[in-house]
Amino acid sequence: MPDKKALIAELIAMQKKFIDYEHEHGVEMKDYFAPAPGHPLEGYKETFTEKAMELVDLAHKEKGSHR
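This write-up is about the structure you can find in this document.

What counts, and at which threshold
- Residues numbered from 1 in each chain as written.
- Predicted model: local features only at pLDDT ≥ 70, side-chain atom pairs only at ≥ 80, totals over all residues.
- Heavy atoms only, no water.
- Helix = DSSP H or I, 4+ residues; strand = E, 2+ residues; numbered from the N terminus.
- Rg over C-alpha atoms; globule rule 2.2 N^0.38 Å.
- Buried < 20%, exposed > 50% of the residue type's maximum accessible area, 1.4 Å probe, protein only.
- Contact = heavy atoms within 4.5 Å.
- Areas by Shrake-Rupley, 256 points an atom, 1.4 Å probe, with all protein chains shown as cover.
- Lys, Arg positive; Asp, Glu negative; His and termini not counted.
- Charge placed at Lys NZ, Arg CZ, Asp CG, Glu CD.
- Salt bridge = Lys/Arg side-chain N within 4 Å of Asp/Glu carboxyl O.
- Phe/Tyr/Trp six-rings, centres within 6.5 Å; stacked < 30°, edge-to-face > 60°.

## Section: the overall build of the chain
Working step 1: Each helix and strand in the chain was counted, giving 3 helices and 0 strands.
Working step 2: For the chain, the N- to C-terminal ordering of α and β elements is α-α-α.
Working step 3: Computed over C-alpha atoms, the radius of gyration of the chain comes to 14 Å, more than 25% over the 11 Å expected from 2.2 N^0.38 for 67 residues, which places it beyond the range of a compact globule.
Working step 4: Counting only C-alpha atoms and orienting by the principal axes, one finds that the chain spans roughly 40 × 20 × 15 Å.
Working step 5: Out of the 67 residues belonging to the chain, those deemed buried represent 21%.
Working step 6: Put simply, of all contacts in the chain between residues at least 6 apart along the chain, 54% involve residues at least 24 apart.
Working step 7: When the accessible surface of the chain is split by element, carbon and sulfur atoms take 59% of a total near 5,200 Å².
Working step 8: Side-chain charges in the chain split into 10 positive and 13 negative, and the spacing between the mean points of these groups amounts to 7 Å.

## Concerning the pattern of salt bridges
It is possible for side chains of opposite charge to pair when their charged atoms get near one another.
Working step 1: If you walk through the whole model with that rule in mind, you get 4 salt bridges.
Working step 2: Between Glu62 and Lys4 there is a salt bridge whose closest N-O contact spans 3.0 Å. Of this pair, Glu62 sits in helix H3 (residues 44-63) while Lys4 sits in helix H1 (residues 4-25), and the two are 58 residues apart along the sequence.
Working step 3: Take Lys4: its relative accessible area is 32%, and that puts it in the partly exposed class.
Working step 4: Of the charged contacts in the structure, one is a salt bridge between Lys16 and Asp20, with a shortest N-O distance of 3.1 Å. Residue Lys16 and its partner Asp20 are located together in helix H1, separated by 4 residues, close to a single helical turn.
Working step 5: A relative accessible area of 33% means that Asp20 is categorised as partly exposed.

## Quick word on the packing of aromatic side chains
Working step 1: For the structure shown, the criterion picks out 5 aromatic pairs.
Working step 2: Judged by centre distance (4.9 Å) and plane angle (85°), the ring pair of Tyr32 and Phe33 falls under edge-to-face.
Working step 3: Looking at Tyr32, the relative accessible area reads 25%, which means it is partly exposed.
Working step 4: For Phe33, a relative accessible area of 47% gives the class partly exposed.

Encoded structure:
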């Protein structure tokens, strides 16, 4: 499991790439939720969610709590 700072940096980098893409091309719901194979957003939502949940798990572990 990566450290918290590295994970946060990855999430911010992913968000920046998404925002840049959105500003250049626009994003329709279908592109975000069900992108076609080879689309630049293919796998984005799943990867971002996975990393965000990893961060949540790290935070819970750090505080001794659970979700």
